[in-house]
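Structural characterization, general
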Amino acid sequence: MVTWNNLDTLTSYAKLKDLKDHVDIKEAMAGENGAKRVAEYSAPMASGLSFNYAAKQVDDEVLDVLAELADEHQLVDKFEELYNGAIINTGEQRLVLHHLARRQLGKDVIVDGVNKRDFYVEQQKKAADFANKVHAGEITNEAGETFTTVVQIGIGGSDLGPRALYIALENWAKTNGCAKMEAKFISNVDPDDAAAVLNSIDVSRSLFIVVSKSGTTLETLTNEAFVKDALVKAGLNPSKHMLTATSETSPLAKSDDYLAAFFMDDFIGGRYSSVSSVGGVILSLAFGPDVFARILDGMAEEDKLATNKDIKANPDLLDALIGVYERNVQGYPETAVLPYSQALSRFPAHLQQCDMESNGKSVNRFGEPVDYVTGPIIFGEPGTNGQHSFYQLLHQGTDIVPLQFVGFKDSQLATDVVIEGSTSQKKLCANVAAQIVAFACGKDDENNNKKFEGGRPSSIIIGDQLTPESLGSLLAHFENKIMFQGFIWNVNSFDQEGVQLGKVLAKRVLAHETDGALKAYSDLFEI
Ligand SMILES: O=P(O)(O)OC[C@H]1O[C@](O)(CO)[C@@H](O)[C@@H]1O
């Protein structure tokens, strides 16, 4: 049995606090010692990735105390409880089972007589069969033509993860002969979003997946109606073009308006649902079920590493612990995620939801206020574009922002040219290497304006190439990191009351049930 305690009750946390500013990264990363750290401070991840933390503000002494904290706080035992079906989501009294959708880990979890692993696998098979039939031309439009495009209608967790994964593999799939259908996404209730997507496709050859776990989200239901209207205006029968991915208890599940329905359940939170039916259907249609299965394999392999009690062999836990040291001991309020990979352009957006919706909490899992800071602000952009934007603040601003770089030795598409002695890929890699050292070591100058203090911590996840497997491992790494941080802060990372309030108020505005400031703002828009 594990015990759930606040971070500030731990002996190891008191010890950790004594290690504030213990490591001067500028000094640690200088000369041969820096080279030694790069070689030593590296934890293998799944799919050939590795987590290199040489430029983080840690040394063996800090790492030892972080290991003590992991033990004292029973972090790996808590993970075990989670995947074996304990009620970890205390706010909503729910199990947290997204790891089961990756088909591995733990005992069978039976709820109301249903084996949950079997349920998720069954839904994956259903999506695979459906996708295979669409690709084989066995499921067509009413004119007998094949479907060429699939459009996901969803928002938040029903959009960001699947979209980030699709973008990550879109061009890889084209180069590797596994691009089956083009995918598009409609999320915003701004009519320009749906209109722009509809204008860019042949609706008669398109499938639309209405993705909503609850089946009640205003934006998604509005966009569904928007698309149905376009189908009807084009003389098409919406029920021959629309699919749904939803929970079995949602209003969408009871409708006959869909060509097919795929299910998930309340035990997989929206932001952790990318490889449940929420992302599984569109990714299987876009790339084929085999590619989707490869993403799952990459996730499962990384999940296994997250069960290691040795923090140096558990990169997800180690990353989480270092992040807590930076947030709670060093007092850094943000973290930037900086992939040096254009294919990962939407990955930071997905992580923003995953991390901030999970750990942006002020009360512990029992509803009591906590006396320490919790989740950091997450933001990011792909490098090198970010370098020409907000890196100025990262290098010379008054706040220190810990950085999480991601980079690959090889490009995805293998189309490259040598210009002035190096390929574009080499230039990309040179930039990330240079940035890590520039942030850590800085640069002295007599002119203060040109002086870089350095001492700015970063880590890098590095791999050979972004493939379905490494993408899956990368996603699982961050999901697991966020989960471990939630355990450390003793918050419930699996509900999101903070985002529900806006939804309720918007409905009140539309129903004209407002007064005071809400009415005044509504009037500004003549609602
Ligand atoms: O899948 P649903 O039920 O439409 O919810 C969509 C999203 O709405 C939220 O509740 C808040 O935006 C997210 O957590 C969730 O991913």
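Keep in mind that what you see is a predicted model, and the values were worked out from it rather than measured.

Re the sheet that holds strand β2 (residues 50-52)
Ordered by their spatial adjacency, six strands build an open sheet running β1-β2-β15-β12-β10-β11, and the pairing between neighbours is mixed. Either end of the sheet is taken by a strand with one partner, and the two such strands are β1 (42-44) and β11 (377-380). On average, each strand axis in the sheet is inclined to that of its neighbour by 20°, with strand direction left out of account. Alignment of strand β10 (residues 334-340) against strand β12 (residues 403-408), held across five bridges, turns out to be parallel. Pairing of Ala 336 across the sheet is with Leu 403, part of β12. Strand contacts of helix α15 (residues 424-441): β10, β12 and β15 (458-463), with the helix running at about 155° to β12, the strand carrying the most contacts. The strands touched by helix α16 (residues 468-489) are β12 and β15; relative to β12, the strand with the most contacts, the crossing angle is about 165°.

Observations regarding the sheet that holds strand β7 (residues 206-212)
If you trace the five strands from one edge of the open sheet to the other, you get β6-β5-β7-β8-β9, paired in parallel fashion. Two strands in the sheet have a free side with no partner beyond their single neighbour: β6 (182-186) and β9 (260-264). Averaged over all pairs of adjacent strands, the angle between their axes in this sheet comes to 20°, without regard to strand direction. Where strand β5 (residues 149-153) and β6 come together, five bridges link them in parallel fashion. Across the sheet, the residue bridging to Val 151 is Lys 184, located in β6.

Quick look at the UniProt feature "active site" (unreviewed entry) in the protein
Per the UniProt record, the feature "active site" (unreviewed entry) sits at Glu 357, His 388 and Lys 503. Spanning 147 residues, the annotated positions stay apart in the fold, the maximum distance between their C-alpha atoms being 36.0 Å. Within this annotated set, the largest pocket is lined by Glu 357 and Lys 503. Here His 388 lies in the loop between β11 and α14 (391-396). In this structure, Lys 503 sits in helix α17 (residues 497-510). Judged by relative accessible area, Lys 503 falls into the partly exposed class, the value being 40%.

About the thresholds
Residues numbered from 1 in each chain as written. Predicted model: local features only at pLDDT ≥ 70, side-chain atom pairs only at ≥ 80, totals over all residues. Heavy atoms only, no water. Pairing = 2+ DSSP bridges. Helix = DSSP H or I, 4+ residues; strand = E, 2+ residues; numbered from the N terminus. Axes fitted to C-alpha atoms, helices over the stretch in contact; angles between N-to-C directions. Contact = heavy atoms within 4.5 Å. UniProt positions renumbered as here; feature names shortened; annotations may be inferred. 1 Å grid on protein atoms, 1.4 Å probe; cavity = no way out; pocket = protein on both sides within 12 Å on 5 of 7 lines; lining within 4 Å. Buried < 20%, exposed > 50% of the residue type's maximum accessible area, 1.4 Å probe, protein only.

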